[in-house]
Amino acid sequence: MFLFVFIGLPLVLAGFMPVITRISKRILPDILGNLCFFLLLVASLSIFHLWPGAGRFYHTLVWFDSNLNIPLVLDGFSLLMIFISSFVALSVGLFSINYLDRYGSRTLFYSIMLVLVASINGIILAADLFTMYIFIEAAGISSYGLVALGKNRYSTEGAFKYLVLSAIGSSFILLGIALVFVNTGTTSIKEIASVTFSSTKLGVILFLVGFGLKCALVPFHFWMPDAYAFAPAVLPAMSSGIFVKVAGVYSLCRVFFNVFGLSFAVSSAMIYLGIISILAGAFLALGQTQLRRMLAFSSISQIGYVIVAFGIGTPLGIIGGLLHLFYHSIFKVLLFLNAGAVEYATGTDESKSLGGLGGKMPFTSGTNIIGILSAAGVPPLNGFWSKLIIVIALVQAKMFLYAFIAVFASVLTLWYLLLIQRRIFFGKLKETLAHVNEVPFWMTLSMVGLALFCVWTGVAFAPFISRWILPAAQVLIDGVRASLNAFIIGG
Amino acid sequence: MNALLLAGVLIFAGLAVFLRDMLKAVICLLISSVFLGIVFFRLNAPFAGVFEISVVAGLIMVLFILTISLTGAEDTVSEPKIHIAFFAVLFLIFSCVVLYRLPAAEKLVVKPDHYNSFGEVLWIGRAFDMIGQISVIFAGVFVLLAVVGRGRNGK
């Protein structure tokens with residue numbers, strides 16, 4: 001029952017939110033939404049403390065002694081993702097308390113956010129490919145809703161592109177699932193893993209393209225910059241922070257590690273796509289002047305690192321991939337929220353219209369620098385350790401050219417992010433920005449909290465790896481065996 | 001029977017592409033989805049059928065119709081005739097191939113599982129999927145409200 005809280009609580013609250021918030025449309029949605037995200041974070045930490053540290057567990061939901069046939073799966077990987085989802089949702093929720101003053105209905109926003117979080121948790125805990133697909137659809141539609149909350153016509157264009165390309169990605173995934181079903185007669189992850197079944201080339205391509213679109217890997221990346229550039233800043237934060245990670249990277253890893261087992265062909269394809277994404281994302285980000293568009297291209301590049309690391313397939317590569325997956329969620333959410341803070345205070349995030357904001361917005365400027373240095377992999381911040389492990393894993397696998405590209409792209413990241421930091425926060429304050437003040441309390445609190453977390457997870461990375469990352473990595477290292485040897489608890 | 005239903009799917013899908021009137025095109029797509037849902041049921045994939053009819057034929061169509069009504073019907077786009085003719089030929093060839101290959105495809109169908117009735121499939125066989133569907137419906141309703149809000153504000 002406890003596991004079902006991650007899906008049931010936000011979903012039930014989303015359903016009742018429009019009714020409950022008739023009492024107070026200003027304060028109650030903020031309190032209820034953030035309380036729910038906080039409870040989910042506490043629940044994920046509680047499970048972590050009870051967690052034996054290894055293995056994969058199936059749990060069937062029981063309600064008043066009757067089995068509801070709702071199988072949920074929990075292992076180190078899903079626990080890590082549940083934690084990320086709850087943490088990011090809470091950070092974005094706190095930021096939104098003030099940020100939503102500019103974006104209409106709070107009730108609607110929190111309802112969509114709650115459905116998004118419930119759907120993302122559904123993807124993470126699903127023990128069946130078809131169930132996973134349905135929750136991916138639900139999360140996609142919720143994300144579309146967040147894009148559509150934007151105020152200008154460009155956000156509509158972005159939302160439309162996002163909806164169409166997301167639907168195309170989902171169709172590829174559904175076709176892949178259909179192929180698996182035709183060959184195995186089941187969609188259950190455990191049952192597919194137990195059947196001697198070698199995935200067909202077509203199936204692999206369908207899943208790669210489908211999840212590649214969700215991850216925005218090059219050449220399937222073109223929806224991301226348009227969707228992120230004009231949507232409210234909470235959308236790119238939620239999308240880059242968790243939706244892309246869960247619907248794209250997590251699902252891809254589940255399918256290719258725990259259902260099919262990582263083959264040489266898939267591994268090579270992941271490395272090639274990842275390397276192209278690292279380079280293309282970094283070069284495309286260089287020419288951007290709008291902060292959120294630049295961060296979107298930066299996300300494409302950083303997701304490339306994660307995919308390359310998983311593609312290597314060695315234990316070190318998987319650890320590096322998981323670490324970068326988690327760290328990227330944190331620093332990229334921070335950077336998108338910073339962009340939102342700049343836009344909130346000045347009305348734009350176009351760097352040509354900005355300059356010298358550092359004195360006026362010290363917290364935003366300071367946390368932005370921490371986010372930038374983390375993203376670029378500067379020690380001792382968190383991004384440094386994950387990129388270092390990925391580069392060492394590449395060297396260990398004798399992929400020296402790719403290791404060089406990874407380091408080179410990291411330098412490029414530092415360059416373009418520092419460039420935009422200088423344009424927006426340093427130099428002489430523009431006259432048109434004389435009235436600008438630091439953003440309100442909750443927005444500042446959220447950004448400072450995330451920045452401190454970037455520093456803390458960088459400084460204390462070793463215990464973090466042993467407690468959080470290794471159990472998650474073990475599930476992927478075990479591959480298909482992890483699904484076969486799963487324990488059944490409860491139900 | 002399956003061949004007839006699939007022919008219906010293809011004909012109405014084709015009409016959805018060719019019709020200039022957006023509303024009529026969406027209605028044709030809706031009918032096509034309903035036919036496809038019935039085909040799913042007949043091919044022993046009832047949960048796919050339920051999903052197709054409730055979400056694709058139901059929710060997504062409502063979203064489409066609402067968007068069309070909000071954006072106005074005057075924005076018609078005229079396609080060059082050569083493109084339409086080219087698409088029609090391709091569509092015809094594709095339809096023939098699908099209908100020709102259908103008997104072979106039916107042999108691949110997995111044997112029915114132990115759930116017989118519609119209710120059993122929904123509430124016993126695929127209970128978790130139902131929760132996923134509830135999420136999809138909630139998401140759809142809230143997106144609708146967001147879009148309607150934009151429409152009211154004239155954006």
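Residues numbered from 1 in each chain as written. Chains lettered and ligands numbered in written order. Predicted model: local features only at pLDDT ≥ 70, side-chain atom pairs only at ≥ 80, totals over all residues. Heavy atoms only, no water.

Summing up its helical and strand segments, chain A has 19 helices and 3 strands in all. What you see for chain A is a C-alpha radius of gyration of 21 Å, in line with the 23 Å of a compact globule of 491 residues. Per-residue burial for chain A yields a buried fraction of 65% across its 491 residues. In chain A, once contacts between residues fewer than 6 apart in sequence are set aside, the share between residues at least 24 apart is 81%. Of note, chain A has its 27 positive side-chain charges centred 6 Å away from the centre of its 15 negative side-chain charges. (Helix = DSSP H or I, 4+ residues; strand = E, 2+ residues; numbered from the N terminus. Rg over C-alpha atoms; globule rule 2.2 N^0.38 Å. Buried < 20%, exposed > 50% of the residue type's maximum accessible area, 1.4 Å probe, protein only. Contact = heavy atoms within 4.5 Å. Lys, Arg positive; Asp, Glu negative; His and termini not counted. Charge placed at Lys NZ, Arg CZ, Asp CG, Glu CD.)

Residue and element names in this part refer to chain A. The biggest cluster of nonpolar side chains holds 203 residues, and the ones touching the most others in it are Trp223, Phe310 and Leu322. Among the elements that make up this core, the one with the highest residue count is helix H13 (residues 315-346) (19 residues). Setting aside chain neighbours within four positions, we find Trp223 in contact with Lys161, Tyr162, Leu165, Leu213, Lys214, Ala216, Tyr228, Ser239 and Val244. (Core = buried A, V, L, I, M, F, W, Y, C linked by side-chain atoms within 4.5 Å.)

Another aspect to go through is the environment of Ile124 of chain A. By the element assignment, Ile124 of chain A lies in helix H4 (residues 106-125). Between the C-alpha atoms of Ile124 of chain A and Ser78 of chain A, which are 46 residues apart in sequence, the distance is 5.7 Å.

Residues and elements named next belong to chain A. Cis geometry is found at the peptide bond from Val218 to Pro219, where omega equals 10 degrees. Residue placement: Pro219 occurs in the loop between helix H8 (201-215) and helix H9 (223-230). Residue Pro380 is bonded to the preceding Pro379 through a cis peptide linkage, with omega at 5 degrees. Here the phi dihedral of Ala216 falls at roughly 60 degrees; this positive angle occurs in a residue that is not glycine. Note that Ala216 resides in the loop between H8 and H9. Phi angles above zero are rare outside glycine, and Lys398 is one such case at about 60 degrees. As for its position among the elements, Lys398 is in the loop between helix H15 (382-396) and helix H16 (400-425).

Take the packing of aromatic side chains next. Residue and element names in this part refer to chain A. Taken as a whole and judged by the stated rule, the model has 29 aromatic pairs over all chains. Considering the side-chain rings of Phe109 and Tyr110, the 5.2 Å spacing of their centres and the 75 degrees angle between planes classify their relative orientation as edge-to-face. By the burial criterion, Phe109 is buried, and Tyr110 matches it. Aromatic side chains Trp223 and Tyr228 sit 6.1 Å apart centroid to centroid with 85 degrees between the ring planes, which places their arrangement in the edge-to-face category. Assessed through its relative accessible area of 3%, Trp223 is described here as buried. On the basis of relative accessibility, which here comes to 0%, the residue Tyr228 falls in the buried class. Linked through ring pairs, Phe48, Phe83, Phe87, Phe326, Tyr327, Phe453, Trp456, Phe464 and Trp468 together constitute an aromatic cluster. (Phe/Tyr/Trp six-rings, centres within 6.5 Å; stacked < 30°, edge-to-face > 60°.)

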